Amino acid sequence: MGGMDLEAITKHSAVHAKPNGLILQYGTAGFRTKAEHLDHVMFRMGLLAVLRSKQTQSTIGVMVTASHNPEEDNGVKLVDPLGEMLAPSWEEHATCLANAEEQDMQSVLLDISKKASVDLQQDAFIVIGRDTRPSSEKLALSVIDGITVLGGQFHDYGLLTTPQLHYMVYCRNTSGQYGKATLDGYYQKLSAAFVELTKQASCSGDGSQSLRVDCANGIGALKLGEMERYLSQGLSLQLFNVGTEGRLNHLCGADFVKSHQKPPQGMEMKSNERCCSFDGDADRIVYYYSDADGRFHLIDGDKIAALISSFLTELLLQIGENLNIGVVQTAYANGSSTRFLEEVMKVPVYCTKTGVKHLHHKAQEFDVGVYFEANGHGTVLFSKAAETKIKQLAKESEDEKRKAAKMLENIIDLFNQAAGDAISDMLVIEAILALKGLTVQQWDALYADLPNRQLKVQVADRQVISTTDAERQAVTPPGLQEAINNLVKKYKLSRAFVRPSGTEDVVRVYAEADSQVIPMLPSQCLQLAISSYWASSSVTMLSKPRSGCCPWTAPRMCRRSPCRLQVCLSRCCL
């Protein structure tokens with residue numbers, strides 16, 4: 001077939017043979033698993049990127065990373081023309097191609113080309129980036145092999161943060177209107193906006209603008225180091241966990257700090273000193289500090305969104321234009337953050353399913369759309385109409401209005417609108433704190449988080465539980481949601497939900513309440529979920545009980561259910 005040398009593809013595919021029995025699913029984060037299992041996936045994603053590029057007649061990105069996963073893991077994800085996540089229909093193509101047996105490769109590629117109406121005579125151009133994992137360089141070569149065997153052209157950027165690759169793709173597909181598709185262009189755009197924005201800052205707040213950054217022993221350390229020379233004034237960075245000693249994401253990084261509610265190893269914290277952590281590929285950020293009594297205070301994505309949306313709301317009021325702003329959260333957002341935004345700041349808040357692609361899509365509906373997950377992944381999107389109006393006001397309006405518009409113009413340039421970006425978000429946060437004269441303690445005091453806790457349990461089939469209302473209400477098994485409702489109404493400001501993971505076979509439980517009941521509430525909800533299964537005889541009990549567990553927790557097998565949950569019923573195993 002013209003444009004596709006099937007014989008050459010078969011020959012090269014045999015070099016990147018698929019392990020027997022390995023099945024992988026393309027999710028929000030792309031593919032992720034142990035690095036030694038990914039060679040065939042990388043080759044095939046090179047092939048798929050070429051087909052996607054031909055279909056869209058655009059540059060497509062391929063990022064080799066496993067983000068906050070352990071160092072021995074790796075992964076790959078494709079980046080669509082405007083720096084977005086891969087379209088859902090192509091996620092299905094990715095899964096199908098990755099799992100195809102060798103003898104089926106030709107037919108699967110032809111089927112994808114037919115279904116997606118790919119013009120195989122079109123040119124294709126792919127840009128590639130990778131993180132600092134030991135396995136990434138070799139896996140990136142497998143991607144290149146897939147690209148070249150299908151006749152695609154490519155540019156290998158080498159070491160990049162994930163958001164930087166999203167930025168490069170966006171720049172290339174907007175003919176440079178969004179920015180220069182180089183690292184120098186990225187650094188210059190962000191640093192110029194930051195320096196211009198902070199010129200108006202007073203010397204109040206945290207004064208020196210000194211910040212300690214935990215780089216998770218990942219790519220963020222390298223790229224922040226490169227960027228420091230562009231920040232000639234206004235911000236002093238002290239970098240920790242830079243990859244010279246510790247392992248990637250091990251006992252450090254945004255995910256570790258968020259989930260363990262404690263500072264990373266490798267960083268000495270002084271009282272009331274402002275600190276932040278990136279994750280392994282620098283697309284998440286969380287802040288924190290230790291108070292005078294040594295207590296650790298986490299400032300997660302919810303409070304980052306509160307700071308940013310409050311600042312933007314003030315500026316939008318000052319320019320006096322009818323531009324709407326909305327904040328997008330997930331079910332994991334702390335209830336106090338939602339109440340602060342809606343009741344204090346009078347900003348509308350919307351909830352979507354978990355996963356960045358859902359938040360990003362919803363945020364596009366507003367003139368100014370703010371989205372952050374509690375884990376610290378997020379950004380702000382500005383509509384083209386809003387950007388045009390703001391830039392016009394920055395040139396033409398009178399003093400106070402022009403000043404606010406100029407700030408917004410710089411904020412637009414400072415955000416990476418292609419994806420959540422720890423470096424970009426850090427600079428935005430530091431600029432806002434300087435402009436508002438806020439200390440990290442004052443920022444933290446915007447509202448008090450409700451006590452909350454999360455649990456998860458491994459299952460044989462996570463699809464047994466289904467949800468609605470942005471994953472906040474369980475639909476199946478029957479009776480589960482009613483039982484949860486009856487439980488949480490006993491406690492003040494309480495809320496809980498049970499949902500299946502989107503990427504692995506686990507069921508997740510989240511609960512929050514304004515009382516000391518919070519240590520027990522998630523476990524009680526999990527017990528309700530288990531009881532719902534057990535009542536309908538639809539549970540497969542395969543987990544091994546801990547020593548000393550009561551007899552009723554012994555593994556049990558349901559013979560008739562096609563949907564089986566693997567858990568231990570014991571309270572002491574939760």
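Up top is the structure these notes are about.
Parameters and conventions
Residues numbered from 1 in each chain as written. Predicted model: local features only at pLDDT ≥ 70, side-chain atom pairs only at ≥ 80, totals over all residues. Heavy atoms only, no water. Axes fitted to C-alpha atoms, helices over the stretch in contact; angles between N-to-C directions. Helix = DSSP H or I, 4+ residues; strand = E, 2+ residues; numbered from the N terminus. Parallel < 35°, antiparallel > 145°, perpendicular 65-115°, else oblique. Left-handed = near helix turned anticlockwise from the far one by under 90°. Contact = heavy atoms within 4.5 Å. Nonpolar A, V, L, I, M, F, W, Y, C, P; charged D, E, K, R; others polar. Phe/Tyr/Trp six-rings, centres within 6.5 Å; stacked < 30°, edge-to-face > 60°. Buried < 20%, exposed > 50% of the residue type's maximum accessible area, 1.4 Å probe, protein only. Lys NZ or Arg CZ within 6 Å of the ring centre and 35° of its normal. Pairing = 2+ DSSP bridges. 1 Å grid on protein atoms, 1.4 Å probe; cavity = no way out; pocket = protein on both sides within 12 Å on 5 of 7 lines; lining within 4 Å. Points joined across faces, edges and corners; volume = space filled by probe spheres on them. Polar contact = N/O pair within 3.5 Å; in protein donor to acceptor, adjacent residues only side chain to side chain. Arc of directions from axis to C-beta.

K.L.:
Account for the packing of helix α2 (residues 39-56) against helix α4 (residues 105-115), naming residues and giving values.
P.N.:
Where α2 meets α4, the closest approach of the two axes is 11 Å, and the angle between their N-to-C directions is 25°. Here α2 lies roughly parallel to α4, going by the angle between them. For the element pair α2 and α4, the recorded crossing hand is right-handed. Across the interface between the two elements, Arg-44, Leu-47, Leu-48 and Leu-51 of α2 pack against Met-105, Leu-109, Ile-112 and Ser-113 of α4. Tallied by class, the residues present in the contact of α2 with α4 amount to 6 nonpolar, 1 polar and 1 charged.

K.L.:
So what's going on with the packing of aromatic side chains? Which residues, and what values?
P.N.:
Scanning the entire structure with this criterion turns up 13 aromatic pairs. Geometrically, the ring pair formed by Tyr-332 and Phe-497 is edge-to-face, given 5.1 Å between the ring centres and 70° between the ring planes. One end of the pair, Tyr-332, is in the loop between β11 (325-330) and α11 (335-344); the other, Phe-497, is in strand β18 (residues 495-500), with 165 residues separating them in the sequence. Given the relative accessible area of 2%, Phe-497 is considered buried. Consider the rings of Phe-340 and Tyr-447, whose centres lie 5.6 Å apart with planes at 35°: the pair is tilted. With Phe-340 in helix α11 and Tyr-447 in the loop between α16 (440-444) and β15 (452-458), this pair connects stretches of sequence that are 107 residues apart. Members of the aromatic cluster, each reached through a chain of ring pairs, are Tyr-167, Tyr-170, Tyr-178, Tyr-186, Tyr-187 and Tyr-230. Positioned above the aromatic ring of Tyr-178, the side-chain terminus of Lys-189 is 3.4 Å from the ring centre. In this arrangement the basic side chain of Lys-303 is found over the ring face of Tyr-447, its NZ or CZ atom lying 4.4 Å from the centre.

K.L.:
Account for the sheet that holds strand β8 (residues 275-278), with residues named and values stated.
P.N.:
Taking strand neighbours across the sheet as the criterion, the 5 strands line up as β7-β6-β8-β9-β10 in an open arrangement whose pairing is mixed. This sheet does not close on itself; its edge strands, each paired only once, are β7 (236-240) and β10 (296-299). Within this sheet the neighbouring strands show an average axis-to-axis angle of 30°, counted without direction. Note that strand β6 (residues 210-214) and β7 share 5 bridges and pair parallel. Its bridge partner lying in β7, Arg-212 is registered against Gln-238. On the sheet, helix α15 (residues 422-436) packs against β6, β7, β8 and β9 (285-290) and is oriented at approximately 50° with respect to β9.

K.L.:
Tell me about the sheet that holds strand β19 (residues 506-512), residues and numbers included.
P.N.:
In spatial order, the strands read β15-β19-β18; together these 3 strands make up an open sheet with antiparallel pairing. Single-partner strands in this sheet number two, and they are β15 and β18. On average, each strand axis in the sheet is tilted by 15° relative to the strand beside it, whichever way the strands run. Where β15 lies against β19, 7 bridges are found, and the strand directions are antiparallel. Note that in β19 the partner of Leu-455 across the bridge is Val-509.

K.L.:
Report on empty space enclosed by the protein, specifying residues and quantitative values.
P.N.:
All told, the structure shown has 1 cavity of 30 Å³ or more when counted by the stated rule. The space that makes up the largest cavity amounts to roughly 30 Å³. The residue makeup of the lining of the largest cavity, split by class, is 4 nonpolar, 2 polar and 2 charged.

K.L.:
Account for the environment of Leu-109, naming residues and giving values.
P.N.:
Looking at the secondary structure, you find Leu-109 in helix α4. Between the C-alpha atoms of Leu-109 and His-93, which are 16 residues apart in sequence, the distance is 9.1 Å. If we skip the residues at most four places from it in the chain, Leu-109 touches Met-4, Ile-9, Leu-47, Leu-51 and Leu-97.

K.L.:
A description of the side chain of Asn-217 should follow, citing residues and the corresponding values.
P.N.:
Checked against the element boundaries, Asn-217 lands in the loop between β6 and α8 (219-227). Among the polar contacts listed, one links the side chain of Asn-217 to the backbone nitrogen of Gly-243, at a separation of 3.0 Å. Aside from chain neighbours lying at most four places away, what touches Asn-217 is Thr-132, Asn-241, Val-242, Gly-243, Gly-246, Arg-247, Leu-248 and Cys-252.

K.L.:
Go over the layout of surface pockets with me, naming the residues and quoting the values.
P.N.:
Put simply, the second largest pocket is a space of about 330 Å³. Along its surface, the second largest pocket is lined by 25 residues, and Glu-84, Met-85, Leu-86, Lys-357 and His-360 are the ones closest to its centre. Looking at the lining of the second largest pocket, the element that brings in the most residues is helix α12 (residues 356-363), giving 5 residues. When the residues that make up the lining of the second largest pocket are grouped by side-chain class, the tally is 9 nonpolar, 10 polar and 6 charged.

K.L.:
Give a description of helix α1 (residues 6-15) that names residues and reports values.
P.N.:
Every buried residue belonging to α1 is among Leu-6, Ile-9 and Ser-13, and all of these are buried. Along the long axis of α1, the arc covered by the buried residues comes to 55°, so they all point the same way. Summarising the geometry of α1, the exposed residues directed more than 90 degrees from the buried face are Glu-7, Lys-11, Ala-14 and Val-15. In this structure, the buried residues of α1 make contact with α2, α4 and α5 (136-149).

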